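# Analysis of the macromolecular model
Read off the chains here:
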Amino acid sequence: MTSTSHRRGLRRRVGHAAVAVIALSALGGCNLGTFSSSEATPTPSATPTAAATPAFDSQFTRDGTFQSHVEIDGVDFVYTLYPTKSTPRTNEWYPRGNKYFSFTFQAYDLDQELRDPFKTKRRVFLDRIEVESATTSTSGTVERPYTLNEKASRITFDPEPQGGKYGMLITSPKGAFELRNQPIGDLAADTTGVTLTFRAEVRIQRSPGSSSYERETIRQEVPIAIFASDTPTQAAEIPVDAN
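Rules of the game
Residues numbered from 1 in each chain as written. Predicted model: local features only at pLDDT ≥ 70, side-chain atom pairs only at ≥ 80, totals over all residues. Heavy atoms only, no water. Pairing = 2+ DSSP bridges. Helix = DSSP H or I, 4+ residues; strand = E, 2+ residues; numbered from the N terminus. Buried < 20%, exposed > 50% of the residue type's maximum accessible area, 1.4 Å probe, protein only.

Below, the discussion takes up the pairing of strand 5 (residues 124-137). Two strands pair when backbone bridges link them, and strand 5 and strand 10 (residues 191-205) are joined in this way by 12 bridges, in the antiparallel orientation. Residue pairing for strand 10: Glu130 is matched across the bridge by Arg199. Bridge count for strand 5 against strand 8 (residues 167-169) is 2 bridges, and the pairing is antiparallel. Its bridge partner being in strand 8, Leu126 is matched across the sheet by Met168. Note: strand 5 against strand 6 (residues 148-151), 4 bridges, orientation antiparallel. Looking at strand 6, one finds that Arg128 is bridged to Lys151.

Right, dumping it as structure tokens:
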């Protein structure tokens, strides 16, 4: 990521109400809905794995990863999702069988240089992380194959994350939320896609060293294409530390 010193002095927003905004579609009309207190720009960041454009348009499927940037008052919230080593080929994600993904969530204080001392940066804490899902199918049937609603500090990959009364620290480079190898299980045979909706409840320090924090909910939709096949998705066995 490049330095963004020109962002110094960005206007601070006063208030606690999150304002919904619709994210820009990425590369060919990708349906990526981001809702927060600021505009989000999804950013592709990996080599495509899909052999052809599916009927259900998805940056995650096409590029082999998904990343979005949601900026609030000079703090950039970054969601990153990717298929795991167990099922890495997203163009072979079929209705039957487990399909595995991992995701991370981190905040960057862009009012400072990326490599400025950590004490000059605002602390951001993540309390709860929620994920809902809904399928799209030719019959109109909707399934909800994946759900999550947990305190972030209890499930993040780091068993001892830094934190406080507002949750775990996610300010880069000292903190980040990470959850690995999450399964999406069997789906109806006519399923064409799954949309995951992420919600992260965060607290943003008003200024470095301040005891005052603002509460926000960072919401992100991630469409994932599912390809028609009678063959189940093939999940490989991977080492316990693989991702």
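With that settled, the discussion passes to the pairing of strand 2 (residues 66-72). In summary, the side chains of a regular strand alternate between the two faces of the sheet. With 7 of 7 residues buried, strand 2 lies mostly within the body of the structure. Side chains Phe66, Ser68, Val70 and Ile72 of strand 2 all project onto a buried face; the interleaved residues Gln67, His69 and Glu71 project onto the opposite face, where all are buried too. Sheet topology note: the strand 2/strand 3 (residues 75-83) ladder contains 7 bridges and is antiparallel. When the sheet's bridge partners are listed, Phe66 is paired in strand 3 with Leu81.

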